[in-house]
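Commentary on secondary and tertiary structure
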Amino acid sequence: MLTWQEFGDEHLPALAGLAEACLAADGGLPLLAEPPLLRARLLQTRTLGAWHDGELVAAVGVGTGRTPATATGLVHPAWRGRGIGGRLLDWADEQAGGTDLLLTTETWNAGAEDLFTARGFARTFLEWVLRHDLDALPDVPAPDGVRLEPATLGPELFDTYRASFADRPGFVEPAPDEWLGELRDDDGYRPELSMLARTADGRAVGFVNVIDDWVDQVGVVPGWRGRRVGAYLVAGALRGLAGTGAGAAWLCVNDDNPAAALYRRLGFRDAGRRARYLHRRP
């Protein structure tokens with residue numbers, strides 16, 4: 001017998017336990033089990049949870065303040081296959097009030113995708129979560145004439161980012177102050193581990209940003225791709241993280257990004273997926 005009711009901030013420990021159970025079964029973004037992301041994904045405008053003997057076994061949060069409406073749901077692995085996910089999805093759809101609905105999942109599984117697509121949702125985004133245990137580090141020789149140095153939050157870092165990504169399909173250039181400000185305001189940003197790759201004549205030809213234990217962004221300007229610059233930057237970030245005592249490094253990479261092959265050659269291993277699904281109203 002399940003009890004259905006709203007949940008709130010006082011239920012964060014129960015939400016964390018549910019997220020941890022889903023991550024253990026499916027993999028995905030480990031940050032989902034931490035309060036900031038739990039609040040962002042599940043403590044939205046409306047919430048609904050299913051409880052059994054005092055244990056939270058399913059939950060969904062729906063944000064209705066903008067279009068599309070957003071929703072994130074979780075069903076404990078031991079309670080799947082009983083129609084609970086479908087009930088959560090029906091309820092989220094009702095809360096969306098006739099607007100488009102975007103589903104966010106940080107711990108992807110095939111059963112959920114089957115449910116979403118059967119209900120008319122189209123996957124718009126799929127990303128691998130990769131993990132690198134830092135007890136074995138890759139040995140990447142320095143590209144000829146290239147050295148690494150700590151990055152400084154300023155115009156040169158932004159210009160290197162822009163040059164590295166401007167030719168990517170769908171790239172939308174942010175304002176420099178906005179992009180740099182997000183890094184500056186992030187308590188997890190690690191300038192001592194974030195680096196620029198610089199040539200002998202002083203040009204910046206690549207960069208890596210590190211946030212907490214995550215390789216957050218890696219970019220190489222077009223003329224220097226295929227020369228091990230990206231691999232050298234990532235290997236440098238891994239060495240830096242290992243030097244701080246971290247046990248593992250993480251990164252996310254789009255399902256169709258060819259850089260995924262590079263990361264796996266450097267020792268990253270698949271640790272799940274995260275995805276987005278959109279249902280557009282007629």
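Use the structure listed above.
Source: prediction; values computed, not measured.

A look at helix α4 (residues 110-118)
One turn of the α-helix equals 3.6 residues, which is why residues spaced by three or four share an orientation. The distance from a side-chain oxygen at the start of α4 to the backbone nitrogen of G111 is 3.1 Å, and the residue carrying that oxygen is N109. Within two residues after α4, G120 carries a phi angle of roughly 95°, on the positive side.

Some remarks on the environment of N109
Within the element layout of this structure, N109 appears in the loop between β5 (101-105) and α4. With a relative accessible area of 19%, N109 lands in the buried category. The residues contacting N109, other than those within four sequence positions of it, are D26 and R80. Only 3.1 Å separates the side chain of N109 from the backbone nitrogen of G111, close enough to count as a polar contact.

Observations regarding the environment of A242
With respect to the secondary-structure elements, A242 resides in helix α7 (residues 229-243). Among the residues examined, A242 registers a relative accessible area of 26% and is labelled partly exposed. The sequence separation of A242 and D133 amounts to 109 residues, and the corresponding C-alpha distance is 9.2 Å. Those residues within four positions of A242 in sequence are excluded, and the remaining contacts are L134 and L137.

Regarding the pairing of strand β10 (residues 214-220)
The element β10 is largely enclosed, with a buried count of 5 among its 7 residues. Pairing between strand β9 (residues 204-211) and β10: 6 bridges, direction antiparallel. Residue pairing for β10: V208 is matched across the bridge by V218.

Things to note about the pattern of salt bridges
This model, assessed by the stated rule, comprises 23 salt bridges. One salt bridge in this structure joins E106 and R41, with 2.8 Å as the shortest N-O distance. Remark: R41 occurs in helix α2 (residues 35-42) and E106 occurs in the loop between β5 and α4; sequence separation between them is 65 residues. Owing to a relative accessible area of 21%, R41 belongs among the partly exposed residues under this scheme. Taking the shortest distance from any N to any O, the salt bridge between D100 and R280 comes out at 3.3 Å. Here D100, found in the loop between α3 (84-96) and β5, pairs with R280, found in the segment after β12 (269-279); they are 180 residues apart in sequence, far enough to count as distant.

Criteria and thresholds
- Residues numbered from 1 in each chain as written.
- Predicted model: local features only at pLDDT ≥ 70, side-chain atom pairs only at ≥ 80, totals over all residues.
- Heavy atoms only, no water.
- Polar contact = N/O pair within 3.5 Å; in protein donor to acceptor, adjacent residues only side chain to side chain.
- Helix = DSSP H or I, 4+ residues; strand = E, 2+ residues; numbered from the N terminus.
- Buried < 20%, exposed > 50% of the residue type's maximum accessible area, 1.4 Å probe, protein only.
- Contact = heavy atoms within 4.5 Å.
- Pairing = 2+ DSSP bridges.
- Salt bridge = Lys/Arg side-chain N within 4 Å of Asp/Glu carboxyl O.

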